[in-house]
Amino acid sequence: MQYGIQLTSMHDASTPARQQREEHEELVRTCDALGFDLMGAGQHFLGSELRYYQPVPWLAHMATVSTRMRVATGIVLLSMVNPVDMAEQMATLDALTDGRAVFGVGLGYSRHEFDAFGVRPGERVRRFEEGLRIVRAMWSGDQVDVDGEWTSVHGALPSVRPVQDGGIPIWVGGQAAAAVRRAALLGDAWYTPPFPTHDQLASLRRLFLETRHEAGLPTDGEFPVRRELMMASSREEAVAHATERYRARYETYRRWGLSGENTPITSGEELRSEIEEHFILGTPDDCAAEITRLEQELGMTHFMYKPHWVGQSHADAMRQLELFGTEVMPRVAAERSLA
């Protein structure tokens with residue numbers, strides 16, 4: 001199993017840009033030293049509460065901080081962006097990193113972002129599917145002839161292509177059943193968001209594998225999983241810390257327009273049970289045991305870890321990261337050697 005770091009923003013416009021960059025550089029250097037395998041960066045537009053720098057140039061820079069770790073967009077909002085532009089951007093990133101790129105994609109959910117790109121209600125799935133078809137065609141090495149609803153390419157033979165044999169792996173994000181089926185049929189892997197509960201995650205994983213099997217597609221590929229994680233000296237202390245950070249983060253997501261069957265509860269009597277369903281919690285031993293369970297029961301191949309939370313200091317995030325790398329990862333490796 002491999003480990004990835006999610007370079008999530010906890011900054012707004014009041015934070016100097018250099019500080020945000022240097023904090024992410026420190027995360028990457030530390031992860032490289034601890035043996036992490038991958039770094040990911042997401043995409044949002046018009047953010048005010050959280051500042052997301054665009055992932056392709058951000059990862060191109062971070063790939064110079066660690067020349068070993070893979071770089072993954074997690075995720076690009078493919079229903080909004082131009083697929084020709086994004087295909088060449090990702091191929092350029094793959095060339096700059098000597099074939100270390102991963103293309104994580106998804107639909108998005110924020111109404112203000114869709115409005116800014118002229119995406120009308122009911123279009124986003126068709127835009128996403130058309131965009132992914134064009135991206136794959138652009139990377140194929142064959143002449144591209146696509147008559148799309150929004151983007152058309154005729155008689156093109158692109159020279160900006162990935163350097164990886166077989167092209168850049170495509171991880172498709174999503175949290176509902178329809179999104180998981182799309183991931184199974186259109187992508188190389190399902191990139192799970194952290195929102196599903198443990199039981200929902202297991203059910204959606206089965207759906208992904210069944211859909212792949214029915215379509216005659218391989219079922220032994222990568223399975224990257226994002227789960228929220230909070231370590232402390234006891235489970236109760238971890239729950240207390242997680243509750244504060246969970247509420248702040250997901251209230252921001254709700255204001256951005258996140259909704260649906262897997263949207264977390266952020267207040268009320270059910271909050272603690274929701275925390276326990278969405279987080280890996282407790283001591284390093286507790287956390288290692290849960291990560292081992294995800295690997296053994298669901299076939300998780302990459303655990304994607306996010307140390308930064310809104311309202312949390314960078315120093316605290318670094319302490320959590322060091323504890324994860326020096327205490328949790330070795331325990332998981334020891335459990336694997338005994339299996």
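Residues numbered from 1 in each chain as written. Predicted model: local features only at pLDDT ≥ 70, side-chain atom pairs only at ≥ 80, totals over all residues. Heavy atoms only, no water.

A.B. asks: Let's hear about the overall build of the protein chain: which residues, and what values?
C.D. replies: The number of helices and strands found in the protein chain is eleven helices and twelve strands. Compactness check: the protein chain gives a C-alpha radius of gyration of 19 Å against a globular reference of 20 Å for 339 residues, within 12% of the reference. Across its three principal directions, the C-alpha atoms of the protein chain cover 60 × 45 × 40 Å. Per-residue burial over the protein chain gives 55% buried out of 339 residues. Here the contacts in the protein chain between residues at least 6 apart in sequence split such that 74% fall between residues at least 24 apart. Measuring between centres, the 34 positive side-chain charges of the protein chain sit 2 Å from its 48 negative side-chain charges. (Helix = DSSP H or I, 4+ residues; strand = E, 2+ residues; numbered from the N terminus. Rg over C-alpha atoms; globule rule 2.2 N^0.38 Å. Buried < 20%, exposed > 50% of the residue type's maximum accessible area, 1.4 Å probe, protein only. Contact = heavy atoms within 4.5 Å. Lys, Arg positive; Asp, Glu negative; His and termini not counted. Charge placed at Lys NZ, Arg CZ, Asp CG, Glu CD.)

A.B. asks: Explain the packing of aromatic side chains residue by residue, including any values.
C.D. replies: Here the structure, examined in full by the defined rule, presents eleven aromatic pairs. With a centroid separation of 6.1 Å and 55° between ring planes, the pair formed by Y3 and F36 is classed as tilted. On the criterion of sequence distance, the pair formed by Y3 in strand β1 (residues 2–6) and F36 in the loop between α1 (17–34) and β2 (38–41) is long-range, its members being 33 residues apart. Both residues of the pair, Y3 and F36, count as buried. Centre to centre, the rings of F103 and W139 are 5.7 Å apart; their planes meet at 65°, and the pair counts as edge-to-face. Residue F103 is located in strand β4 (residues 101–106), and its partner W139 is located in helix α5 (residues 124–139); the two are separated by 36 residues in the primary sequence. Pair check on accessibility: F103 and W139 agree, each one buried. Members of the aromatic cluster, each reached through a chain of ring pairs, are Y3, F36, F303, Y305 and F324. Positioned above the aromatic ring of F223 is the side chain of R205, whose terminal nitrogen or guanidinium carbon lies 4.0 Å from the ring centre. Taking the ring centre of W309 as reference, the NZ or CZ of K306 above it sits at 3.9 Å. (Phe/Tyr/Trp six-rings, centres within 6.5 Å; stacked < 30°, edge-to-face > 60°. Lys NZ or Arg CZ within 6 Å of the ring centre and 35° of its normal.)

A.B. asks: So what about helix α6 (residues 177–186)? Which residues, and what values?
C.D. replies: What α6 keeps buried is the set A179, V180, R182, A183 and A184. Residues of α6 that are buried sit in contact with α5, β7 (170–173), β8 (189–191) and α7 (198–214).

A.B. asks: Before we move on, can you summarise the environment of W190 with the specific residues and values?
C.D. replies: Along the chain, the position of W190 falls in strand β8. The class of W190 is buried, set by a relative accessible area of 0%. As a C-alpha pair, W190 and V180 span ten residues in sequence and 6.6 Å in three-dimensional space. Not counting residues up to four positions away in its chain, the partners in contact with W190 are V172, G174, V180, A183, L201, L204, R205, F208, F223 and P224. A distance of 2.9 Å separates a polar side-chain atom of W190 from the backbone oxygen of G174. (Polar contact = N/O pair within 3.5 Å; in protein donor to acceptor, adjacent residues only side chain to side chain.)

A.B. asks: Outline the pairing of β2, listing residues and values.
C.D. replies: Looking along a regular strand, one sees the side chains alternate between the two faces of the sheet. Of the two faces of β2, the one carrying L38 and G40 and the one carrying M39 and A41 are both buried. One ladder, built from three bridges, connects β1 with β2; its direction is parallel. Its bridge partner lying in β2, Q6 is registered against G40. Since β1 and β2 lie parallel, the crossover through α1 that links them has a hand, and here it is right-handed. Here β2 pairs with strand β3 (residues 70–77) via four bridges, running parallel. From the neighbouring strand, M39 faces β3, where its bridge partner is V71. On the question of chirality, the crossover connecting β2 to the parallel β3 by way of helix α2 (residues 55–65) is right-handed. (Pairing = 2+ DSSP bridges. Right-handed = clockwise from strand over helix to strand, strands pointing away.)

A.B. asks: Let's hear about unusual backbone geometry: which residues, and what values?
C.D. replies: At the junction of G74 and I75, the peptide bond is cis and its omega measures out at 10° in the coordinates. Secondary-structure assignment places I75 in strand β3. A positive phi is found at D98, a non-glycine position, where the angle reads about 55°. When you line up the elements, D98 lands in the loop between α3 (83–96) and β4.

A.B. asks: Which residues make up the nonpolar core, and what values do they have?
C.D. replies: With 75 residues, the main nonpolar core has F36, F103, W139 and F324 as its most contacted residues. Of all the elements, α5 adds the most residues to this core, at seven residues. The contacts of F103, once residues within four sequence positions are left out, are T73, V76, L78, M86, M90, V135, W139, I168, P169, I170 and W171. Formed by eleven residues, the second largest nonpolar core is a distinct cluster that contains A238, A242, F279 and L281. (Core = buried A, V, L, I, M, F, W, Y, C linked by side-chain atoms within 4.5 Å.)

A.B. asks: Talk me through the sheet that holds β2; I want residue IDs and the actual numbers.
C.D. replies: Here eight strands make up an open sheet; going across it, the order is β8-β7-β4-β3-β2-β1-β12-β9 and the pairing parallel. Sheet topology places β8 and β9 (224–226) at the edges, where each strand pairs with a single neighbour. Strand-to-strand, the axes of this sheet are offset by a mean angle of 30°, without reference to chain direction. (Axes fitted to C-alpha atoms, helices over the stretch in contact; angles between N-to-C directions.)

A.B. asks: I'd like a rundown of the pattern of salt bridges, residues and numbers included.
C.D. replies: Under the counting rule described, the total for this entry stands at 19 salt bridges. For the salt bridge of R136 with D188, the shortest nitrogen-to-oxygen distance reads 3.7 Å. Taken together, the residues span a long stretch of sequence, with R136 in helix α5 and D188 in the loop between α6 and β8 at a distance of 52 residues. Judged by its relative accessible area of 35%, R136 is partly exposed. The exposure class assigned to D188 is partly exposed, which follows from its relative accessible area of 34%. Where D285 meets R331, a salt bridge forms, and the shortest distance between an N and an O atom there is 2.4 Å. Of the two residues, D285 sits in helix α10 (residues 284–298) while R331 sits in helix α11 (residues 314–338), which places them 46 residues apart along the sequence. (Salt bridge = Lys/Arg side-chain N within 4 Å of Asp/Glu carboxyl O.)

Note that all results are geometric; they support no functional claim without further evidence.
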